[in-house]
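What follows is each chain in one-letter form.
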Amino acid sequence: VSQAAARLEMGSLWEEFNRLGTEMIVTKAGRWVPESDRDRRGGGHPRATPRPRRRMFPTFQVKLSGLDPLADYVLLMDFVPLDDKRYRYAFHSSSWLAAGRADPAAPGRVHFHPDSPAKGAQWMRQIVSFDKLKLTNNLLDDNGHIILNSMHRYQPRFHVVFVDPRRDSERFAHQNFKSFSFPETQFMAVTAYQNHRVSPGAGGHPNVPPPFPRDPLTPLSPQITQLKIASNPFAKGFRDGDPEP
């Protein structure tokens, strides 16, 4: 796998989110939210539907090259804390502040791409998308989803593992994988988007000016929610409704 290379897809979108200060929603199973007013107008009592564990957006996608077309590979992802701190969002300054030491680490999990294992030719033929990956903050999750602590910063990591057919493959385990990290995909795990300096739909102006100088924990814009809604093709139902795609 020494020749393996990975290019992050939608890089410009990831960079735009990173410039704002990317936040990813994590929820527990069984979070109940009311359905739309349209359903309520249909008569009867308002219904409620469970909000599932969240998929990442932007979706993590890569284009691979340098693999042996005839060899088998497994692709997977994991998430590592960026530091040992827990954070809180200070609305008066529109910035993230350290709020103490990190919570005990969530159970470490990896997400295997569902097409694994597959030939190198298949992986290189098209964009590899981790669109099934889901995030949760439920420490008791039994569905295999990635467990993260909210208000903590994370770095996604992508791994390519060569399926070594040799009997003594464990001797070469350290040579049979390659890992990739893209700094622009770092994010803060949250249960609700925090940097709302402009109310969705207000059409308006920041309540406070952008803080300078810029640092990675200081969002330049209040528009994380709006950007996710505008960029996510599956968020059409949120255009005029719930601001959490």
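Calculation notes
Residues numbered from 1 in each chain as written. Predicted model: local features only at pLDDT ≥ 70, side-chain atom pairs only at ≥ 80, totals over all residues. Heavy atoms only, no water. UniProt positions renumbered as here; feature names shortened; annotations may be inferred. Helix = DSSP H or I, 4+ residues; strand = E, 2+ residues; numbered from the N terminus. Buried < 20%, exposed > 50% of the residue type's maximum accessible area, 1.4 Å probe, protein only. Contact = heavy atoms within 4.5 Å. Areas by Shrake-Rupley, 256 points an atom, 1.4 Å probe, with all protein chains shown as cover. Polar contact = N/O pair within 3.5 Å; in protein donor to acceptor, adjacent residues only side chain to side chain. Pairing = 2+ DSSP bridges. Core = buried A, V, L, I, M, F, W, Y, C linked by side-chain atoms within 4.5 Å. Phe/Tyr/Trp six-rings, centres within 6.5 Å; stacked < 30°, edge-to-face > 60°. Lys NZ or Arg CZ within 6 Å of the ring centre and 35° of its normal. Salt bridge = Lys/Arg side-chain N within 4 Å of Asp/Glu carboxyl O.

As recorded in an unreviewed UniProt entry, the protein goes by the name TBX10 factor, listed as coming from Columbina picui. Under the UniProt heading Subcellular location (unreviewed entry), the note attached to the protein is "Nucleus".

J.: Honestly, the overall build of the protein in this entry has me stumped. Any pointers?
T.: Each helix and strand counted, the protein has four helices and 17 strands in total. Taken over 245 residues, the protein has a buried fraction of 43%. Expressed as a percentage of contacts within the protein between residues at least 6 apart in sequence, the contacts between residues at least 24 apart total 74%. A total of about 13300 Å² of accessible surface is found on the protein, and carbon and sulfur atoms cover 53% of it.

J.: It is not clear to me how the side chain of H159 should be interpreted in this structure. Could you clarify?
T.: For H159, the position within the fold is in strand β15 (residues 152–162). Residue class for H159 comes out buried when judged on its relative accessible area of 10%. Among the polar contacts made by the side chain of H159, one reaches the side chain of D78 at a distance of 2.9 Å. Residues in contact with H159, not counting those within four places in the same chain, are V74, L75, L76, M77, D78, K178 and S179.

J.: How should the pairing of strand β9 (residues 95–101) be read in this particular structure?
T.: For a regular strand, side chains alternate in direction, first toward one face of the sheet and then toward the other. Two strands pair when backbone bridges link them, and strand β8 (residues 85–90) and β9 are joined in this way by five bridges, in the antiparallel orientation. By the bridge assignment, Y89 is partnered in β9 with W96. Counting the residues that bridge the hairpin from β8 to β9 gives four residues, and of these S94 lies at a positive phi of roughly 50 degrees.

J.: In this structure, what is going on with the nonpolar core? I would like to understand it.
T.: The tendency in soluble globular proteins is for nonpolar side chains to be buried as a group. In this structure, L64, F79, L135, L148 and F158 are the most contacted members of the largest nonpolar core, which totals 31 residues. With near-sequence residues (within four places) excluded, L148 lies in contact with V26, F79, A106, L135, T136, N137, Y154, F187 and A189. Core analysis: the next-biggest nonpolar cluster, separate from the first, contains eight residues, I25, Y87, Y89 and M188 among them.

J.: Explain the environment of E23 here, please?
T.: Its location among the elements puts E23 in strand β2 (residues 23–25). Through-space distance from the C-alpha of E23 to that of R153 is 9.0 Å; in sequence the pair is 130 residues apart.

J.: Teacher, can you tell me more about the sheet that holds strand β12 (residues 128–129) here?
T.: In sheet architecture, strand pairing relies on hydrogen bonds along the backbone and comes in two forms, parallel and antiparallel. One open sheet holds the three strands; their spatial order is β1-β6-β12, and the pairing between them is antiparallel. Whereas interior strands pair on both sides, the edge strands pair on one side only; in this sheet they are β1 (5–8) and β12. Bridge count for β1 against strand β6 (residues 61–65) is four bridges, and the pairing is antiparallel. Pairing of A6 across the sheet is with L64, part of β6.

J.: Please explain the packing of aromatic side chains as it appears in this structure.
T.: Working definition: an aromatic ring pair is given by the centre-to-centre distance plus the angle between the planes. In total, this model carries 11 aromatic pairs according to the counting rule given. Arranged with centres 5.8 Å apart and planes meeting at 55 degrees, the rings of Y73 and F162 form a pair that is tilted. Residue Y73 is found in strand β7 (residues 72–81), and its partner F162 is found in strand β15; the two are separated by 89 residues along the sequence. Of the aromatic side chains, those joined through ring pairs into one cluster are F60, F130, F158, F180 and F182. Stacked on the ring of F172, the Lys or Arg R166 has its end atom at 3.8 Å from the ring centre.

J.: Please explain helix α1 (residues 11–20) as it appears in this structure.
T.: One full turn of an α-helix is made of 3.6 residues, so residues set three or four places apart face in the same direction. The set of residues buried in α1 consists of G11, L13, W14, F17 and L20. Downstream of α1 by a residue or two, G21 has a phi angle that is positive, lying close to 105 degrees.

J.: Please explain the pattern of salt bridges as it appears in this structure.
T.: Where side chains of opposite charge bring their charged atoms close, a pairing between them can arise. Inspection of the entire model under this criterion finds 10 salt bridges. Across the pair R7 and E9 runs a salt bridge, and its minimum N-O distance is 2.6 Å. By relative accessible area, which is 52% here, R7 ends up exposed. By relative accessible area, E9 is classed as buried at 14%. A salt bridge links D84 to R101; the nearest nitrogen and oxygen atoms lie 3.6 Å apart. One end of the pair, D84, is in the loop between β7 and β8; the other, R101, is in strand β9, with 17 residues separating them in the sequence.

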